[in-house]
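Residue-level structure breakdown
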Amino acid sequence: MSEKLNPWESQLTNLKKVSDIMNLDPSVYEVVSKPMRILQVSLPIRMDDGSIKSFEGFRIHHNTARGPCKGGIRYFPSLELDTEKALGAWMTWKNAVVNLPYGGAKGGINCDPKKLSQGELERLTRAYAAAIADFVGIDLDIPAPDVGTTSQIMAWFADEYYKISRRILPGVITAKPIGLGGSLGRTAATGRGCYFTAVEASRTYDIPIKGASVSVQGYGNAAYYSALNFHQAGAKLVAASDTRGGVYNKNGIDPVKLVEHKAKTRSVVGFPGCETFSSTDPLTVDCDILVPAALENMITLENVDDVKAKLIVEAANGPTTPGADRVLDEKRIICLPDILANAGGVTVSYFEWVQNRMGYYWTEEEVDQRLEKVMKTAFKDVYDYSKKYDVNLRYGAYALALDRVAEAMRLRGWI
Ligand code: GLU
């Protein structure tokens, strides 16, 4: 069965469906079905071999009704504008689900960061910061990392922005290194947030975490910290993967040793004692909890029939297509949607922004407690909306977010 795999269209499909179920004023959909601004820039930099290469960059402001835009920067080869637009919109919904005073944005550069030297990466990041400087700001748009970007990249971006604006305003970008005004707990936040929402789901739907088998697709930051949190709660990591392949061990894999192996060899592949998997095998392996933590469009009509998990925790953005979602519902698999499950990252980004603005920093315990509270409340709000409209948790999350964004747009006189 074939389906269209355009994330922007998938996002619109969900939005339209939920707006109709809620019987929402059609002007809400009319406004939010188009991003507010799209900036496309060309970024010529000198490569190490002396040649000049021009990269394509974007920054998309989807909606600013609830506050300044917030969302990550992705460095990725073959970056599509429609994917960036969808990622920007998902930030609007995500920020509303966890009730942060933000709108949604996303940006990125069409490049393969693995093929660039440190010097090239730095020059490219500085060129990007300079090119989008008028588009960002502490009260306008606050970027952060996403796929392919790191805290070092945030540091270069911040430094370039300080030079251009002639102000040291660390709150202009989040997930900075701790030594540059980053927040304690930010690195682990996305995975930690996934775990907190899973704990709520585990209680609500009676799916125990202790003793559960957990499979993660991906082994980047979100995947690793999710796996670690589940492991520490007595679950067993059975599978993980990256772009080069995957590993499987039904008796359990030590998440820390696996991340060390990946740091050494640049891949999870070859981790001792494991069977070899493909990058996508973790999606369909026998497990209780599945954490898709790679890219969009991973659980599709092609493979959804083979998904065996009882609970899916979407650490990635947009990993499930609308078609696959319907099948998950039929199979009664509980799916914690991206705009809820992975909101821990942007929540601690918000804490970082707050700390930067007041110039006073919290302990890791304080950050963790606040994060837990935000994720618990968001789960309950989403669950209540799903009951109110008799829909799954994804639609419940969209309904909650739409209500909040619509209210702000109404109050501002946009609709
Ligand atoms: N890129 C992350 C996300 O998709 C984090 C965004 C942020 O911290 O602003 O949620």
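Our subject is the structure listed above.
These remarks concern the structure in this document. (Residues numbered from 1 in each chain as written. Predicted model: local features only at pLDDT ≥ 70, side-chain atom pairs only at ≥ 80, totals over all residues. Heavy atoms only, no water.)

What follows is about the nonpolar core. In this structure, Trp93, Tyr219, Phe230, Val313 and Leu336 are the most contacted members of the largest nonpolar core, which totals 87 residues. For this core, the leading source of residues is helix H13 (residues 393-411), giving 12 residues. Non-local contacts of Tyr219, meaning those with residues more than four positions away in its chain, are made with Tyr224, Ala227, Leu237, Ala240, Ser241, Pro255, Leu258, Val259, Lys262 and Val268. Counting 27 residues, the second largest nonpolar core, distinct from the first, contains Ile132, Met154, Trp156 and Ala158. (Core = buried A, V, L, I, M, F, W, Y, C linked by side-chain atoms within 4.5 Å. Buried < 20%, exposed > 50% of the residue type's maximum accessible area, 1.4 Å probe, protein only. Helix = DSSP H or I, 4+ residues; strand = E, 2+ residues; numbered from the N terminus. Contact = heavy atoms within 4.5 Å.)

Turning our attention to the sheet that holds strand E3 (residues 69-76). Ordered in space as E1-E2-E4-E3-E5, the five strands form an open sheet in which the pairing is mixed. Both edges of this open sheet fall to strand E1 (37-46) and strand E5 (141-145), since each of them pairs with a single strand only. For this sheet, the mean angle separating the axes of adjacent strands, direction not counted, is 20 degrees. One ladder, built from 10 bridges, connects E1 with strand E2 (residues 52-63); its direction is antiparallel. Note that in E2 the partner of Pro44 across the bridge is Ser54. In the packing of helix H3 (residues 81-97) onto the sheet, contacts are made with E1, E2, E3 and strand E4 (103-110), and the angle to E4 comes to roughly 150 degrees. (Pairing = 2+ DSSP bridges. Axes fitted to C-alpha atoms, helices over the stretch in contact; angles between N-to-C directions.)

Let's shift gears to the layout of surface pockets. One number sums up the size of the second largest pocket: a volume of about 380 Å³. As for the second largest pocket, its lining consists of 16 residues, of which Asp329, Ile334, Val391, Asn392 and Leu393 are closest to the centre. Here the lining of the second largest pocket is built from residues that sort into eight nonpolar, two polar and six charged. (1 Å grid on protein atoms, 1.4 Å probe; cavity = no way out; pocket = protein on both sides within 12 Å on 5 of 7 lines; lining within 4 Å. Points joined across faces, edges and corners; volume = space filled by probe spheres on them. Nonpolar A, V, L, I, M, F, W, Y, C, P; charged D, E, K, R; others polar.)

What follows is about empty space enclosed by the protein. Counting across every chain of the model gives one cavity of 30 Å³ or more. Estimated volume of the largest cavity: approximately 90 Å³. Lining the largest cavity are 14 residues, with Ser10, Asn14, Trp90, Gly318 and Thr320 positioned closest to its centre. Going through the elements one at a time, helix H1 (7-22) and H13 are the ones with two or more residues in the lining of the largest cavity. With four residues, H1 is the single largest residue contributor to the lining of the largest cavity. Taken together, the residues of the lining of the largest cavity sort by class into four nonpolar, seven polar and three charged.

Around the ligand sit 14 residues, and of these Lys70, Lys94, Pro145, Asp146 and Ser349 come closest. Between the ligand and the protein, one listed contact pairs a nitrogen atom with a side-chain N or O atom of Asp146 at 2.8 Å. In this structure, Asn317 approaches the ligand through a side-chain N or O atom, which is 3.0 Å from an oxygen atom. For the ligand, whose unbound accessible area comes to 300 Å², protein coverage reaches 94%. Of all the secondary-structure elements, those providing two or more residues to the shell around the ligand are E3, H3, E5 and helix H11 (344-358). (Near = heavy atom within 4 Å. Polar contact = N/O pair within 3.5 Å; in protein donor to acceptor, adjacent residues only side chain to side chain. Areas by Shrake-Rupley, 256 points an atom, 1.4 Å probe, with all protein chains shown as cover.)

Here we take up the side chain of Arg59. Relative to the assigned elements, Arg59 resides in strand E2. Taking relative accessible area as the criterion, Arg59 reaches 0% and is therefore assigned buried. Within the structure, Arg59 has its side chain in polar contact with the backbone oxygen of Gly72 (distance 2.9 Å). Side-chain polar atoms of Arg59 contact the side chain of Asp141, separated by 2.7 Å.

Two modes of strand pairing occur in sheets, parallel and antiparallel, and in both the strands are linked by backbone hydrogen bonds. As summarised here, the arrangement of the seven strands in space is E9-E8-E7-E6-E10-E11-E12, forming an open sheet in which the pairing is mixed. This sheet does not close on itself; its edge strands, each paired only once, are strand E9 (275-277) and strand E12 (334-336). Between one strand axis and the next, the sheet turns by 20 degrees as a mean value, whatever way the strands run. As defined by bridge partners, strand E10 (residues 289-292) adjoins strand E11 (residues 311-313) across two bridges and the pair is classed as parallel.

So, about the packing of aromatic side chains. Within the structure shown, the criterion is met by 15 aromatic pairs. Clustering of aromatic rings is evident, with ring pairs tying together Tyr102, Tyr350, Phe351, Trp353 and Trp362. Directly above the ring of Tyr29 sits Lys16, whose terminal nitrogen or CZ lies 5.6 Å from the centroid. (Phe/Tyr/Trp six-rings, centres within 6.5 Å; stacked < 30°, edge-to-face > 60°. Lys NZ or Arg CZ within 6 Å of the ring centre and 35° of its normal.)

We now examine the pattern of salt bridges. With the rule as written, the count across this model stands at 25 salt bridges. Notably, a salt bridge pairs Arg126 with Glu122, separated by 3.0 Å at the nearest N-O pair. Of this pair, Arg126 and Glu122 both sit in helix H4 (residues 118-132), four residues apart, which is roughly one turn of the helix. What you see here is one network of salt bridges that share partners, running through Glu122, Arg126, Asp159, Glu160 and Lys163. (Salt bridge = Lys/Arg side-chain N within 4 Å of Asp/Glu carboxyl O.)

Fair warning: the whole summary comes from geometry, so function is off the table for now.
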